[in-house]
Structure formats: structure tokens, C-alpha cells
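# A structural walkthrough
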Amino acid sequence: MANFQLLNNIDHKDLKIKTDRSAELGDNLWYAVTFPEEFRNLQRYYPIFFIKNPNDGEFEAVAMFGVEDGENLFLDEKGWNASYIPLNIMRQPFLIGFQEKEQGGQTVREPVVTVDMDSPRVSQEQGEPVFLEHGGSSGYMEQVNSILNMLYQGLSGSKSFYKALTELDLIESFVLDVQLDDGSEHRLAGFYTINEDVLKELDGEQLEMLHRKGYLEPIYMVIASMSRVSDLLEIKNEQRKAAMGHAEG
Amino acid sequence: MTERIRNIVILGGGSAGWLTAGVLASEHCITSNSQISVTLVESPDVKTIGVGEGTWPSMRETLRRMGVSESDFIRECDASFKQASKFVGWVTGEPGDHYYHPFSPPQGYGDVNLVPAWAEIDGAPRFADAVSFQPHLCEKGRAPKQIVTPEYGAVANYAYHLDAGKFGRFMQKFCVEKLGVRHLLTHVEGVDTNDNGDISALRTGDDRVKGDLFIDCTGFSSILMSRHFEIPRVSTTDVLFCDTALAVQVPYPTADAPITSHTVATAQKAGWIWDIGLPTRRGVGYVYSSAHTSDEQAERALLDYVGKRAANLPASPRKIPIKPGHLQTFWHRNCVAVGISAGFIEPLEASALALIEMSAQMIADELPATRPLMDVVADRFNKRFLYRWDRIVDFLKLHYLLSRREGSDFWIDNRRPETVPDRLKELMELWRYRPPGRRDFPQIEEIFPAASYQYVLYGMGFKPDPSAHQRRLDDRKSAHDCFRVNQQLTGKYLNGLPSNRELIRHVVTHGMKRV
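Fair warning: this is a prediction, and the values are worked out from it, not measured in the lab. (Residues numbered from 1 in each chain as written. Chains lettered and ligands numbered in written order. Predicted model: local features only at pLDDT ≥ 70, side-chain atom pairs only at ≥ 80, totals over all residues.)

### Side note on helix α15 (residues 476–496) of chain B
Residues and elements named next belong to chain B. The cut-off we apply is this: A helix here means a DSSP run of H or I that spans at least four residues, while a strand means a run of E at least two residues long, and both kinds are numbered starting from the N terminus. To estimate how far a helix should reach, multiply one less than its number of residues by 1.5 Å. Counts of 20 or more other C-beta atoms within 10 Å of a residue's own C-beta define buried residues, counts of 12 or fewer define exposed ones, and intermediate counts define partly exposed ones; C-beta atoms are placed from the backbone. To be clear, the arc concerns the directions from the helix axis to the C-beta atoms. Contacts here follow a simple rule: the backbone-placed C-beta atoms of the two residues must lie within 7 Å.
Taking 1.5 Å per residue as the helical rise, α15 with its 21 residues ought to reach 30 Å, and the 30 Å between its terminal C-alpha atoms agrees with that figure. Taken as a whole, α15 has its buried residues at Ala 479, Cys 482 and Asn 486. Along the axis of α15, the buried positions cluster into a sector of 50 degrees, meaning they face one direction only. Opposite its buried face, α15 presents the exposed residues Lys 477, Arg 484, Gln 488, Gly 491, Lys 492, Asn 495 and Gly 496, each directed more than 90 degrees away. In the core, the buried residues of α15 are packed alongside α4 (115–120) and α5 (127–131).

### Points about the nonpolar core
Filter applied, for reference: As used throughout, a nonpolar core is a set of buried Ala, Val, Leu, Ile, Met, Phe, Trp, Tyr and Cys residues joined through C-beta atoms within 7 Å of each other. Bear in mind that the domain bounds are from an automatic or database domain assignment.
In terms of nonpolar packing, the biggest core is built from 145 residues, with Ile 10, Leu 11, Ala 21, Ile 215 and Val 338 of chain B touching the most fellow members. Among the elements that make up this core, the one with the highest residue count is helix α11 (residues 371–401) of chain B (eleven residues). Among the domains, domain 1 (7–53 + 163–236 + 324–390) and domain 2 (245–321) of chain B are the pair contributing at least three residues each to this core. Ignoring anything within four residues of it in the chain, the contact list for Ala 21 of chain B reads Ile 10, Val 38, Leu 40, Cys 175 and Val 181 of chain B. Within the second largest apolar cluster, 31 residues are counted, among which are Phe 35, Tyr 46, Ala 61 and Val 222 of chain A.

### Examining the environment of Trp 118 of chain B
Residue and element names in this part refer to chain B. Tracing the backbone through its elements, the reader meets Trp 118 in helix α4. Under the C-beta neighbour-count criterion, Trp 118 is labelled buried, with 22 such atoms within 10 Å. With 40 residues separating them in the primary sequence, Trp 118 and Tyr 158 have C-alpha atoms 25 Å apart. Aside from chain neighbours lying at most four places away, what touches Trp 118 is Ala 124, Phe 127, Ala 130 and Val 131.

### Brief notes about the sheet that holds strand β8 (residues 190–193) of chain B
Residue and element names in this part refer to chain B. Put simply, the rule reads: Being paired, for any two strands, means DSSP has found at least two bridges between them. Angles run from 0 to 180 degrees between N-to-C directions of axes, and those axes are lines fitted to C-alpha atoms, restricted for helices to the stretch in contact.
If you walk across this open sheet you meet the three strands as β8-β9-β10, and the pairing is antiparallel. Of all the strands in the sheet, the pair left with one neighbour each is β8 and β10 (207–210). Ignoring which end each strand starts from, the neighbouring axes of this sheet average 35 degrees apart. Taken together, the four bridges between β8 and strand β9 (residues 199–204) define a ladder with antiparallel strand orientation. Residue pairing for β9: Thr 193 is matched across the bridge by Ile 199.

### Focus on the sheet that holds strand β11 (residues 128–129) of chain A
Read across the sheet, three strands follow the order β10-β2-β11 (chain A) without closing on themselves; strand pairing throughout is antiparallel. The open sheet is flanked by β10 (122–123) and β11 of chain A, the only strands paired with a single partner.

### With respect to the domain arrangement of chain A
All names here are of chain A. Considered domain by domain, chain A is made up of domain 1 (1–21 + 85–157) and domain 2 (27–76 + 159–249). Each side of the interface is counted separately: domain 1 has seven residues, and domain 2 has ten residues. Counting only elements with at least two residues in the side of domain 1 that touches domain 2, the list comes to α3 (87–90) and α4 (139–157). With three residues, α3 is the single largest residue contributor to the side of domain 1 that touches domain 2.

### Observations concerning the domain arrangement of chain B
Where interface size is given, it is often the accessible area lost as the parts come together that is meant. All names here are of chain B. Here is the rule: Any residue that is not Ala, Val, Leu, Ile, Met, Phe, Trp, Tyr, Cys, Pro, Asp, Glu, Lys or Arg is counted as polar, Gly included; the first ten are nonpolar and the last four charged.
Taken domain by domain, chain B consists of domain 1 (7–53 + 163–236 + 324–390) and domain 2 (245–321). Domain 1 and domain 2 are separated by 30 Å when their C-alpha centres are compared. The interface is formed by eight residues belonging to domain 1 together with nine residues belonging to domain 2. Looking at the side of domain 1 that touches domain 2 residue by residue, the class counts come to five nonpolar, no polar and three charged.

Here it is, written out as C-alpha cells:
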């Protein structure tokens with residue numbers, strides 16, 4: 001269970017964060033939520049799909065690390081095997097929370113930084129210090145703050161992106177049937193991607209609107225990222241083969 | 001002179017008229033085809049009936065094909081999700097007497113016959129409860145789909161409860177704005193005919209609305225078919241006695257009260273009471289036989305049912321005559337009746353809107369190219385719909401036939417052999433030794449599938465005797481596998497589905513996605 005506390009330099013003055021990448025530290029995730037501005041960096045390694053948030057039914061984008069729950073094909077004994085790690089992973093164990101504040105007689109919701117004290121990354125002995133000796137933020141924490149800020153801006157700003165895509169019928173559902181070299185099969189359902197046929201049929205006015213709003217680039221990044229599916233499967237096949245070889249040897 | 005059928009004129013603007021207009025206009029793409037036109041003429045001073053608040057799952061396909069957004073439909077028609085009918089008190093009238101007729105077929109339907117295995121279970125559970133997860137969802141007030149399920153998609157098969165008045169206005173707007181239907185608000189004073197007796201135009205003051213095909217959607221007045229052509233009616237009161245309804249609207253105690261996702265039909269002394277949950281109110285009505293009770297007694301029974309909320313009803317009960325029966329011929333010359341003008345019967349299985357959809361779809365599919373061909377199509381239409389009406393009468397009668405209720409002439413008279421159609425009697429004999437199957441209902445688009453008959457038959461406590469033959473489909477192991485799968489699905493769906501109220505609230509505020 002997560003135990004989020006408002007981060008402050010008194011309660012958390014000795015807080016350190018383990019920044020290694022491993023399943024034990026909670027990186028065994030098969031996807032992470034992302035936002036359009038991050039698509040360009042992600043598509044070099046990860047397929048980008050859309051899913052529906054089960055709480056409100058709204059679309060959100062995810063970067064995929066595996067093809068089944070709990071599987072992160074980028075993790076090995078050396079850590080996370082890709083030069084770009086999604087911001088939603090890098091922020092761990094911090095999260096933006098909200099605090100209600102009185103301001104000019106009105107209640108406003110203000111974003112604040114919280115930390116999950118039950119995270120296996122939290123330590124007093126090992127890892128990167130969060131605060132400097134006299135209470136200032138460490139270089140590490142400065143970096144986390146900017147990640148949290150990008151995430152917050154990116155996620156809250158992406159609603160209009162999905163609205164535009166939905167209105168143009170640019171999102172379609174798809175089912176990915178995965179067959180591995182050893183014959184085993186998996187089915188990925190509940191994922192959505194760009195409908196390229198609809199995209200090709202858009203008229204100049206619609207394309208201009210997408211371009212002006214900065215949506216055209218992320219749309220093509222999602223399409224480009226589709227070829228990362230076969231990369232994922234290749235890693236999975238190799239891991240399986242290695243595991244089999246190990247068992248036989 | 002051209003013989004082509006190009007101009008379709010619909011008279012009457014209730015749900016029947018607008019639904020038919022929508023199906024014809026969308027199936028024939030009239031916005032992009034100038035060869036064909038659909039005009040709906042309605043009188044500004046005729047009130048629509050506004051009953052028929054339950055649909056069949058077919059309505060999802062009908063709306064989807066027309067291009068209606070399901071979210072808009074839910075919002076603007078005050079619609080909710082319907083998954084079943086629950087019959088309370090129909091077997092004995094004792095406490096705990098109820099059974100479900102859900103929209104999802106029995107588990108393994110078509111591959112396994114669950115009836116013998118179910119009948120052998122000691123202290124067998126209710127048939128529908130054993131073979132379908134849906135009654136369990138209904139009992140727990142669950143929605144038939146998740147928040148992430150796209151428009152018209154389902155986890156459990158579903159239909160709608162809707163406000164018929166709002167539905168008519170919603171369809172009107174959609175037909176006129178999106179589908180290119182011409183709308184004339186004017187009073188029709190008479191009918192012009194050709195030498196051959198065909199209708200050539202509707203007279204509206206000094207004007208004429210000309211057409212090649214006329215569709216009578218004028219409800220009880222049946223202006224073209226009954227009044228103009230004097231087509232005789234076939235009464236079904238000798239089989240189904242209910243001929244009057246008293247309807248009220250009942251407010252919810254609070255705005256977030258649960259919305260029941262099935263129609264509740266509760267047996268009464270001389271008929272039964274429907275109870276339909278819309279998002280903003282309930283629609284409740286007593287359908288009764290005027291030969292077996294008085295209007296005063298019926299009103300008292302209705303208010304008793306409504307209970308303590310009866311004190312602050314927004315309006316007193318409204319009386320609706322039913323005149324159960326249908327036209328002898330639905331399509332005569334160049335005129336066809338759709339909706340109540342074609343026939344009306346107690347709404348026990350919500351057949352009214354389903355029949356409108358089927359009629360409109362058949363007219364659209366088989367729209368004759370020329371006038372001579374129209375006689376061929378009319379003959380096919382008449383045979384098809386006479387068959388359908390007979391099946392509706394059989395199926396509704398089945399609900400009464402197996403009742404063991406005593407102490408009221410209505411129920412006792414309903415069991416008299418002379419009131420039972422011959423075909424139903426034959427089927428009852430066949431079903432003693434085998435369950436209802438597809439060969440009993442051989443037409444395509446049967447109005448009620450064999451699965452529906454199974455739910456009612458065994459729900460009413462009919463005891464099968466499967467000893468005569470043992471068939472491959474009767475395999476007990478497969479049947480028990482199905483019971484187990486049904487239990488697993490029940491648990492899974494109960495966990496994963498929101499309440500009906502929650503889902504409706506979500507649809508109203510956020511809408512559903514098309515994908």
C-alpha cells in the first residue's frame with residue numbers, strides 16, 4: 001500500500017532514494033502513462049498505445065515495456081536497458097498531490113510534491129539524498145522537481161489532444177495477437193492506436209488544425225512507435241530462449 | 001409516367017413515425033440520393049401515446065446503423081439500460097415467487113442442452129439463475145457494461161428503458177437535421193386516390209402531399225388503414241384479456257437512488273403492473289382486464305403498489321385503452337401500417353418498439369422498385385407480420401398458461417383450454433420431452449427466440465420429462481461445466497461492473513467513446 005506524505009525538509013531531512021532500476025524496486029511494470037510531448041523520446045524504444053482510464057473512461061497514452069502484466073522486458077541484471085527511461089518511471093517514488101488553500105477568500109487546489117514512504121526506493125542509508133545539509137533541495141531533487149513539473153503540465157494539457165483525436169475518429173481499438181517462437185500465444189486487448197486510414201483521409205483544414213495545435217507530430221510518433229512492438233517480441237523471444245537454454249544446460 | 005417508387009410519405013409523428021423515417025432515410029442514404037424522398041406529415045394538435053418505455057436489444061443495432069450517438073440518445077431520451085424482465089408473483093403469488101427472462105442466452109446455448117442436468121439438481125436453483133449471469137447482475141443493480149466499454153458495446157446483452165415522448169422528439173431532430181427527412185406540421189383533412197384505389201396524396205387544406213408509398217403511423221386512429229381502407233382488425237381478447245392500462249410516473253426518493261436495470265412485472269388480481277426505472281423517474285402502470293376488475297379497483301391496486309410515494313405523485317393515473325389485436329392486413333395497396341395503427345397488445349415483453357423496428361427494416365430492405373412489385377412485397381410483408389403477431393400472442397399467453405395462481409377468475413380463465421392457441425398447445429406437448437429449440441421457431445428474425453421460451457417455461461416451474469431420449473446435447477458433464485462457467489462469470493462481472501446509476505451518471509456527464 002502506498003503511503004504518501006507531503007515532502008518537507010524537516011520530516012524528510014535524511015531521506016535518500018535508491019535510483020537503481022530493478023524489479024525489487026518496483027520497476028516490473030508493463031506500461032507507464034505518458035503524454036504527447038514525451039512521444040518523440042519514447043518512440044525510439046517503446047510502443048505507444050492509448051488505453052481508457054478505468055475510472056473515468058477517458059483516453060490516456062501509455063509506453064509499453066512488456067506484453068503481459070508485470071513483465072518489463074527492458075529490465076535485466078544491469079538495470080534498465082534503454083537510454084531513455086519514461087518520466088513516469090523516473091519520478092518514483094515522488095508524485096504530484098494537491099493541497100487545498102485559501103486564497104483571496106477562495107479555495108484553490110495547489111500542486112504539491114508528495115513521497116510514497118512505503119516505496120522500496122525510500123531509505124535512510126543508501127541512494128541519492130533529497131535535501132542538502134541545510135535544508136535546500138539536492139541536485140537530484142531539483143531534477144525530480146522538473147520531471148514532476150513536466151509530467152503535471154503534460155498530463156493535464158493532454159485532454160484537448162484526446163478530444164481532438166476523438167472528434168476526428170482518429171483513435172481505433174486494436175487487439176494484438178502475439179505469437180512467440182516457442183508457439184505460445186498472448187492476446188493484448190483494451191488498447192487503442194491511431195486509425196491511419198482516417199488520418200490519410202483528413203482534409204487540409206483538419207490537418208492544419210492538428211498542426212497548429214502541435215498534435216500532428218505526436219500522432220506520427222505513435223504510428224512510428226508501432227514498429228517497436230516487434231522489438232519487444234524479439235527481446236521476449238531471446239529471454240525465453242536464454243531461459244530455456246539455462247534450464248536444459 | 002414513371003412507375004418507380006420514389007416518394008415515401010409517413011403520416012404520424014410518434015416513435016413509430018420517426019423511427020420508421022429514420023430507418024428508411026438512413027438505409028436509403030436520402031441525403032446523397034435525390035431519387036428518393038421521405039416526408040413525415042404530422043398534425044400539430046395530435047398528442048402522442050407515450051407508452052412503450054421498454055425496448056429489445058435490437059434497438060442498439062437500429063440506432064447504431066442510423067448513426068445516432070448512444071451517449072446523446074441516453075442523455076436526451078432519459079434512457080437507462082435494461083437487461084431483463086423480472087416476473088414477480090406469476091407462478092403462485094406467494095412470497096419469493098419470481099423468475100427472470102434475461103437478454104443473454106443460457107450459457108453454452110446451442111451447443112449444450114442444460115435443461116435435463118438442471119432439472120436433476122436437488123433443490124434446483126431458478127433456471128435463469130443457474131444458466132445465466134444476468135439475473136445476478138440485475139439483482140445487484142449492476143450496469144450491463146463498463147465505463148470503458150464503447151458505445152453500443154456490451155459486457156451483458158442489453159436494451160433500453162426510455163421516455164417515449166422524448167424519444168420521438170429526439171428522433172425527429174435527428175431525422176430532420178442529419179438524415180434529410182422532410183417534416184410537415186399540418187393537419188390532414190382527407191385522402192386522394194387513383195382510379196385503382198391507391199392513395200395518391202394526403203389533402204392538407206388547399207395543398208396536397210403526393211407520394212408513391214404511404215406509411216400509416218397514426219396510432220389508435222389508424223387513419224389510412226382502418227378509417228380510409230377499412231381494413232378489419234383481428235381481436236386477440238379471447239386469448240389475452242388485458243384491454244386497459246393505468247399509467248403513473250413515480251419520482252425517486254433521492255436523485256441518486258438506484259436505477260433498476262430490468263423491467264419488473266408484478267402479477268395482480270386482474271393483470272399485472274409494469275415498473276420501469278428511467279434515470280429521472282419510474283414509469284409504473286397496471287395493465288388489466290376490464291372484464292375482471294373495475295377501473296376504481298385497478299387504480300387502488302396501482303396506488304397500493306406505488307405505496308407511500310403515491311401521496312405525492314406529479315399527476316393522477318392516466319387511462320390508456322389497449323384494444324388488443326392487429327390488422328388483418330398490414331400492407332394494403334400502396335399503404336402500410338407501422339406501430340399501434342398496425343396493432344397493439346399488452347406490453348408484457350416490450351414488443352411494440354421491436355415490431356416498429358422490424359417493420360421499418362423490412363420496408364427499407366424490400367422497398368419495391370416499381371408499383372407492380374409492391375403487391376409482391378406487400379404479400380410477403382403481410383405473411384411475415386401475421387406470423388409475428390401470432391408468435392407474440394403465443395409467447396405472451398405462455399406467461400399466463402403455466403400460472404398456478406388461484407382465487408381470481410382472471411388467472412383461472414387464462415388457463416381454460418379454449419383460450420389457448422392450437423399451435424401453443426402442440427408446442428407444450430412437444431416440450432414435455434424436450435426443451436424449446438430452433439426448429440420450433442424456424443423463421444429468420446423470429447421475434448422471440450427459443451431461449452426466451454426456455455426462460456419463461458422453466459421460470460414458471462414447468463417440469464420437463466427428458467427420459468424419452470438421451471441426445472448428445474444432453475451431456476451432463478458439459479452442462480455442469482456451463483453451470484460452473486456461469487458462476488465464474490457472475491463473480492467476475494459483479495466485481496467489474498459499475499452500478500446502473502453510476503454508469504448512467506458517467507454517460508450523462510462524460511459520454512461514452514465511440515471506440
